[in-house]
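Descriptive analysis of the structure
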Amino acid sequence: MAAPVTLLWFRDDLRVADHEALAAARAAGPVVGLWLREEPDAAGDGPRRLGAASRWWAHRSLEVLSAELDALGIPLLFGRGSGVTVVPAVVAGLGASVVRWTRRYAPSARTADATLKAALAASGVEVHSHPGFLLVEPWLVAPAGGPVYRVFTPFHRAAAEVPVGPLRGRPAAQVLPPAVVDAAARLTATGVVMGLDALDLLDADPPWWADTVGAHWVPGCVAADQALADLPDAIAGYRTRRDRPDDAASTSRLSPRLRFGEVSPRQALAATRSAEVSADDASAWVRQLYWREFSWHLTHHVPRLAWEPLRRQFAEFPWSPDAALLRAWQRGRTGYGLVDAGLRQLWQTGWMHNRVRMVAASFLVKNLLQPWQAGEQWFWDTLVDADEANNPVSWQWVAGCGADAAPYFRVFNPETQRERHDPEGAYVRRWVPEYGTDAYPAPVVDLAESRRRALDAYALLRAR
Ligand SMILES: Cc1cc2nc3c(=O)[nH]c(=O)nc-3n(C[C@H](O)[C@H](O)[C@H](O)COP(=O)(O)OP(=O)(O)OC[C@H]3O[C@@H](n4cnc5c(N)ncnc54)[C@H](O)[C@@H]3O)c2cc1C
């Protein structure tokens with residue numbers, strides 16, 4: 001009897017190494033891959049729609065994945081729509097009897113996956129979901145009285161105890177049965193699957209933006225492997241260098257790789273263990289990797305984190321929405337050097353240094369009193385590492401309404417931060433060449449006055 005054909009639905013796992021679902025599928029027989037530009041299902045469930053920078057990254061990363069899979073004899077098909085409409089059609093067209101995927105954890109995406117799983121099971125198709133996006137499944141750790149940790153340190157302590165398991169190697173190449181090759185061709189002819197270009201992922205607006213960002217990154221699992229090999233250099237001195245945006249190598253820049261699963265967090269962890277770096281630097285870096293786990297732990301347990309404050313009383317916060325102020329911030333024209341440099345770095349490269357993300361976000365929500373959701377949405381659209389958990393959780397942390405949050409009354413001073421973290425001014429000069437000249441905008445707000453206003457708003461909230 002011929003071995004059963006497996007459909008492997010790739011989502012946030014665009015790699016071939018250390019891939020549990022791929023390893024299991026190859027061990028069982030022939031494999032065909034699928035990636036979808038997803039839309040919500042009939043119940044409105046599914047992952048958050050990709051922002052412009054993520055669409056660009058996904059397109060480029062999928063080109064690389066497709067070539068890598070091709071070398072293994074695995075075709076990668078593309079489709080558009082919800083999983084529950086497209087996946088069963090592809091399964092039927094290929095005559096596949098097993099579907100595998102790497103798990104995802106945002107509540108709406110999980111609900112969509114559960115709906116699909118039930119539909120496939122009802123038609124006799126086996127479905128297997130695999131770990132791989134996180135080090136620790138979010139339900140494996142819980143505080144007393146659980147299920148969700150709201151403070152990072154105890155979460156980290158518990159999560160670090162959970163064994164991570166061995167790395168998986170690259171799978172062996174296959175020869176796909178001719179009948180499956182023909183079936184895939186028929187699916188293409190009927191329009192159920194299509195070419196990558198037909199997914200229109202590169203419709204980013206404005207069009208020049210993708211070229212600008214493209215000058216700074218090489219997406220895809222091949223370049224990601226190189227970034228992983230370079231990780232020891234990034235970790236050397238991490239504990240003291242990590243807050244310096246003027247030092248281009250002060251952090252790993254692995255975030256879009258982890259976001260799209262071009263590397264697994266387990267590979268990253270393994271790389272720190274084999275790296276010849278100080279234990280202090282390695283543990284400081286690994287701690288950040290566990291902040292990612294913490295964000296996903298929260299996101300798994302708390303629906304709608306991207307839209308609603310974790311601390312419910314913040315729903316009443318007296319924000320002061322102002323389109324002109326938001327625009328000045330988005331375009332890096334606030335008159336504060338570190339904030340403007342960060343927003344321009346983001347616009348031009350799709351990435352911003354963590355320290356500057358914190359200062360820029362604090363400036364928006366506290367000094368400008370703009371709702372954190374407006375900043376979160378801007379980051380969602382422009383970051384190449386825009387992550388359904390890290391982004392909203394970090395914004396809520398800065399705004400003071402999230403888990404383990406900085407207290408609302410702690411307002412970053414962007415000028416002191418600039419002097420401390422960019423002491424020679426190299427970072428600001430790089431992204432804001434007119435800084436310090438007459439061409440540079442005047443400050444949009446007074447720091448002392450806007451800080452006072454933020455503290456008054458906070459006092460009002462507490463009094464309610
Ligand atoms: C307002 C705001 C928004 C953010 N939005 C995102 C986002 O959409 N996607 C995203 O991946 N990170 C986000 N972060 C967290 C952090 O800024 C980035 O992960 C980091 O800058 C990525 O650079 P790196 O890979 O060089 O990090 P490194 O310092 O080398 O850290 C290694 C990895 O650890 C993880 N990590 C590091 N810091 C954090 C953190 N504070 N919280 C969670 N995980 C962390 C990332 O996966 C990162 O790649 C945000 C932070 C703030 C303050």
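Here is what the cut-offs are and how they apply
- Residues numbered from 1 in each chain as written.
- Predicted model: local features only at pLDDT ≥ 70, side-chain atom pairs only at ≥ 80, totals over all residues.
- Near = placed C-beta within 6 Å.
- Helix = DSSP H or I, 4+ residues; strand = E, 2+ residues; numbered from the N terminus.
- Nonpolar A, V, L, I, M, F, W, Y, C, P; charged D, E, K, R; others polar.
- Domains from an automatic or database assignment.
- Pairing = 2+ DSSP bridges.
- Axes fitted to C-alpha atoms, helices over the stretch in contact; angles between N-to-C directions.
- Parallel < 35°, antiparallel > 145°, perpendicular 65-115°, else oblique.
- Left-handed = near helix turned anticlockwise from the far one by under 90°.
- Contact = placed C-beta atoms within 7 Å.
- Buried ≥ 20, exposed ≤ 12 C-beta atoms within 10 Å, placed from the backbone.
- Expected span 1.5 Å × (residues − 1).

Quick notes on the site of the ligand
Neighbouring residues of the ligand: 27 residues in total, closest T251, S252, N354, N391 and S394. The set of elements that each furnish at least two residues to the shell around the ligand consists of α11 (255-259), α13 (279-301), α16 (354-367) and α18 (390-399). Taken together, the residues of the shell around the ligand break down into 11 nonpolar, nine polar and seven charged. Of the domains in this structure, domain 2 (210-301) and domain 3 (312-459) are the two that each give at least three residues to the shell around the ligand.

A word on the sheet that holds strand β1 (residues 6-10)
With parallel pairing, the five strands of this open sheet are ordered in space as β3-β2-β1-β4-β5. Each end of this open sheet is capped by a strand with a single partner; those strands are β3 (76-81) and β5 (126-130). Across the sheet, the mean angle separating the axes of adjacent strands is 25° when strand polarity is ignored. Relative to strand β2 (residues 31-38), β1 runs parallel, the two sharing five bridges. Considered in β2, the bridge of F10 is made with W35.

Here we look at the packing of helix α15 (residues 337-349) against α16
It is at 9 Å that the axes of α15 and α16 come closest, and there the two elements cross at 110°. On the basis of the axis angle, α15 is roughly perpendicular to α16. Crossing angle aside, the handedness with which α15 passes α16 is left-handed. Contacts between α15 and α16 involve L338, V339, A341, G342 and L343 from the former and V356, R357, V359, A360 and F363 from the latter. Tallied by class, residues from the contact of α15 with α16 come to eight nonpolar, one polar and one charged.

Quick notes on unusual backbone geometry
Cis geometry is adopted by the peptide bond preceding P147, which originates at G146 and carries an omega value of 10°. Turning to its location among the elements, P147 is positioned in the loop between β5 and α5 (152-160). Phi angles above zero are rare outside glycine, and D18 is one such case at about 45°. Inspection of the secondary structure assignment puts D18 in the loop between β1 and α1 (20-28). Its 22 C-beta neighbours within 10 Å are what place D18 among the buried residues. In this structure, R304 is a non-glycine residue whose phi angle is positive, near 65°. Within the secondary structure, R304 sits in the loop between α13 and α14 (323-330). Judged by C-beta crowding, with 13 C-beta atoms within 10 Å, R304 ranks as partly exposed.

Considering the domain arrangement of the protein chain
What the domain assignment lists for the protein chain is domain 1 (6-133 + 178-199), domain 2 (210-301) and domain 3 (312-459). The interface is formed by eight residues belonging to domain 1 together with eight residues belonging to domain 3. Here the side of domain 1 that touches domain 3 is composed, by residue class, of five nonpolar, two polar and one charged.

What about α16?
Helical geometry: 3.6 residues make up each α-helical turn, so side chains three or four residues apart lie on a common side. When the terminal C-alpha atoms of α16 are compared, their 19 Å separation across 14 residues agrees well with the 20 Å that a helix rising 1.5 Å per residue should span. Buried residues dominate α16, accounting for 12 of its 14 residues. Along α16, the residues that are buried comprise R355, V356, R357, V359, A360, A361, S362, F363, L364, V365, K366 and N367. Buried residues along α16 sit against α14, α15, α17 (372-382), α18, α19 (414-421) and α21 (447-463).

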